[in-house]
Amino acid sequence: MTKKHTTFEKSLERLETIVSEMENATPDLDKALALFAEGAELVKFCSAKLSETKKKIEIITSSGKAVKE
């Protein structure tokens, strides 16, 4: 299990690091599986954040009101 990344940006940065490591370092099978699992969690988190942001933008643009977090 990975530690929680608190922001979209930090999560995306970690995901980029994972991709680079898997492409360039050729980790052993166990390490590759662990990296893949962490990456899948990060993709899920980033996707959810993007969806949430998109909904907020749609609300703001349709109503003209700011949305509180």
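Predicted model only: the values in this text are computed from it and were never measured.

A word on the overall build of the protein chain. Along its length, the protein chain carries two helices and zero strands. Pairs at least 24 apart in sequence give 54% of the contacts found in the protein chain among residues at least 6 apart.

In this section: helix 2 (residues 29–63). Taking 1.5 Å as the rise per residue, helix 2 with 35 residues should run 51 Å; its terminal C-alpha atoms sit 51 Å apart, in good agreement. Here helix 2 has its buried residues at A32, L35, E38, G39, L42 and C46. Looking at the buried side of helix 2, the elements it contacts are helix 1 (8–24).

Next up on the list: the pattern of salt bridges. Tallied over the entire structure, the rule returns two salt bridges. Its salt-bridge partner being R14, residue E38 comes within 2.8 Å of it at the nearest N-O pair. Placement of the pair is E38 in helix 2 and R14 in helix 1, with a sequence separation of 24 residues. Its relative accessible area of 12% is what places E38 among the buried residues.

The next point concerns helix 1. Over its 17 residues, helix 1 runs 24 Å from end to end, which matches the ideal 24 Å to within 8%, given 1.5 Å per residue. Residues S11, L15 and I18 constitute the buried set of helix 1. The buried residues of helix 1 occupy one face: seen down the axis, they fall within an arc of 60°. In this structure, helix 1 carries E9, E13, E16, E23 and N24 as exposed residues pointing more than 90 degrees from its buried face. Its buried side turned inward, helix 1 meets helix 2. With its phi angle positive at about 45°, T26 sits one or two positions after the end of helix 1.

Basis of the calculations
Residues numbered from 1 in each chain as written. Predicted model: local features only at pLDDT ≥ 70, side-chain atom pairs only at ≥ 80, totals over all residues. Heavy atoms only, no water. Helix = DSSP H or I, 4+ residues; strand = E, 2+ residues; numbered from the N terminus. Contact = heavy atoms within 4.5 Å. Expected span 1.5 Å × (residues − 1). Buried < 20%, exposed > 50% of the residue type's maximum accessible area, 1.4 Å probe, protein only. Salt bridge = Lys/Arg side-chain N within 4 Å of Asp/Glu carboxyl O. Arc of directions from axis to C-beta.

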